[in-house]
Amino acid sequence: QVQLVESGGGLVQAGGSLRLSCAASGRTYAMGWFRQAPGNEREFVAAVSWSDGGTQYAGSVEGRFTISLEPAKNTVHLQMNSLKPEDTAVYYCAADSRPLTALRRRAEYWGQGTQVLVSS
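Keep in mind the model is a prediction, meaning the values are calculated, not measured.

Calculation notes
- Residues numbered from 1 in each chain as written.
- Predicted model: local features only at pLDDT ≥ 70, side-chain atom pairs only at ≥ 80, totals over all residues.
- Heavy atoms only, no water.
- Pairing = 2+ DSSP bridges.
- Helix = DSSP H or I, 4+ residues; strand = E, 2+ residues; numbered from the N terminus.
- Axes fitted to C-alpha atoms, helices over the stretch in contact; angles between N-to-C directions.
- Buried < 20%, exposed > 50% of the residue type's maximum accessible area, 1.4 Å probe, protein only.

Caption draft 1: The arrangement of the sheet that holds strand β7 (residues 65-70) in detail. In spatial order, the strands read β1-β3-β8-β7; together these 4 strands make up an open sheet with antiparallel pairing. Two strands in the sheet have a free side with no partner beyond their single neighbour: β1 (4-7) and β7. Averaged over all pairs of adjacent strands, the angle between their axes in this sheet comes to 15°, without regard to strand direction. Pairing of β7 with strand β8 (residues 75-80), which is carried by 6 bridges, proceeds in the antiparallel orientation. In the sheet register, Ile67 faces β8, and the bridge partner there is Leu78.

Structure, rendered in C-alpha cells:
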C-alpha cells in the first residue's frame, strides 16, 4: 500500500502561479494529478512515468501546467502557470504500479486532495 500526501494548494489571482507537490511513501510506476470542481466529475490533469519520464497532459492545461519528478523524495510536482478561474478545483494526487494508461483509467492510490482557488 502506498500513501500519498499533497501540498501547495491555496488562493491565487487569475494569471498567477502555484506549485503542487505529492510525496509518496514508496516508489510507484506512474503518478499524476486529477481535479474535481463542484458539480463536475473528476478529470485527468497530468501524469508522469517513473520509468522513462514520459508525460501526458489534458488539453485544457497543455502549455500552462508542467509535471516533474523529484526522485530523492519520491515526490511529483505540478507547476501551474497562467491560472484561470476554471482551474478552481480540489486537486488529487494519484499513483499506480502500472503504466500511465492504467492510472488514467482507475488509479490504485489516491491522496486526500488539496484545494486550488483562482479568483478573477
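Alright, that's what it looks like, and here's the rest.
Caption draft 2: Representation of the pairing of β1 within the structure. Only one face of β1 is covered, namely the one carrying Leu4 and Glu6; the face carrying Val5 and Ser7 has none of its residues buried. In the sheet, β1 pairs with strand β3 (residues 18-24) via 4 bridges, with the strands oriented antiparallel. Bridged to Val5 within β3 is Ala23.

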